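The primary structure of each chain is shown beneath.
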Amino acid sequence: MPTVHPLARRLSVALLTLGLLGAPGALGRQAAPAETLGNQLTAMSATGLKLAECEQRMQALGTMLSQAGYVSRRSHLGADAVMTGVWYHPQRQTTVVAFSGWQAADNAFSAAEMDGQVRWNELLATP
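Novice: Which residues make up the pairing of strand β3 (residues 82–89), and what are the values?
Specialist: In terms of burial, β3 is a largely internal element, seven of the eight residues being buried. Looking at chain direction, strand β2 (residues 71–77) and β3 are connected through six bridges and run antiparallel. Looking across to β3, one finds that Ser-75 is bridged to Gly-85. Remark: four residues form the turn of the hairpin made by β2 and β3, two consecutive strands paired antiparallel; Ala-81 in that turn has positive phi of roughly 60 degrees. One ladder, built from eight bridges, connects β3 with strand β4 (residues 94–101); its direction is antiparallel. Considered in β4, the bridge of Val-86 is made with Val-97. What sits between β3 and β4 in their antiparallel hairpin is a turn of four residues, with Gln-93 showing a positive phi close to 55 degrees.

Novice: Tell me what's going on with the sheet that holds strand β5 (residues 107–115), and back it up with residues and numbers.
Specialist: Strand order across the open sheet formed by five strands is β1-β5-β4-β3-β2, with antiparallel pairing between neighbours. If you trace the sheet from one side to the other, it starts and ends with β1 (46–49) and β2, each paired once. The sheet shows a mean angle of 15 degrees between the axes of neighbouring strands, taken without regard to direction. On top of the sheet, helix α3 (residues 51–67) reaches β1, β3, β4 and β5; it is set at about 20 degrees to β5, its chief contact.

Novice: Now, about the environment of Met-64: what can you tell me, with residues and values included?
Specialist: Note that Met-64 resides in helix α3. Separated by 27 residues in sequence, Met-64 and Leu-37 place their C-alpha atoms 9.4 Å apart. In this structure Met-64 touches Leu-37, Gln-40, Leu-41 and Met-44, once residues within four positions along its chain are discounted.

Novice: Can you explain the pairing of β4? Please cite residues and give values.
Specialist: The buried fraction of β4 is high, at seven of eight residues. For β4 and β5, the ladder comprises seven bridges, and the chain directions are antiparallel. Directly across from Val-96, in β5, lies its bridge partner Glu-113. Here β4 folds back onto β5 in antiparallel fashion, the turn holding five residues, of which Asp-106 has a positive phi close to 60 degrees.

Cut-offs and rules
Residues numbered from 1 in each chain as written. Predicted model: local features only at pLDDT ≥ 70, side-chain atom pairs only at ≥ 80, totals over all residues. Heavy atoms only, no water. Buried < 20%, exposed > 50% of the residue type's maximum accessible area, 1.4 Å probe, protein only. Helix = DSSP H or I, 4+ residues; strand = E, 2+ residues; numbered from the N terminus. Pairing = 2+ DSSP bridges. Axes fitted to C-alpha atoms, helices over the stretch in contact; angles between N-to-C directions. Contact = heavy atoms within 4.5 Å.

Spelled out as structure tokens, the structure:
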């Protein structure tokens, strides 16, 4: 019975294929969704930081945003000892703005992602 083996093999392959197609998780689990940028920015925000911690967060933020396709627009240390950093993503048309205290101790760090371009003069305090 030489025809039984090829038929059995084809039937086995067909059943296996149908079983795998019918069970989407059978070949592997879908990866958990990547953490959003907003969540990462929120996780970086803190108060009561030392200057070294603020410097480290600003550098880590710059690296993370660069890898995500953002371009550094400008950073500025104001007379009020607050470092402000601005990054822009041209394809997504979003801006990330970060504020960090720049004193020896008791600083705050916060960053947020905003739609569109945030211009530098929009961040300056007006008298």
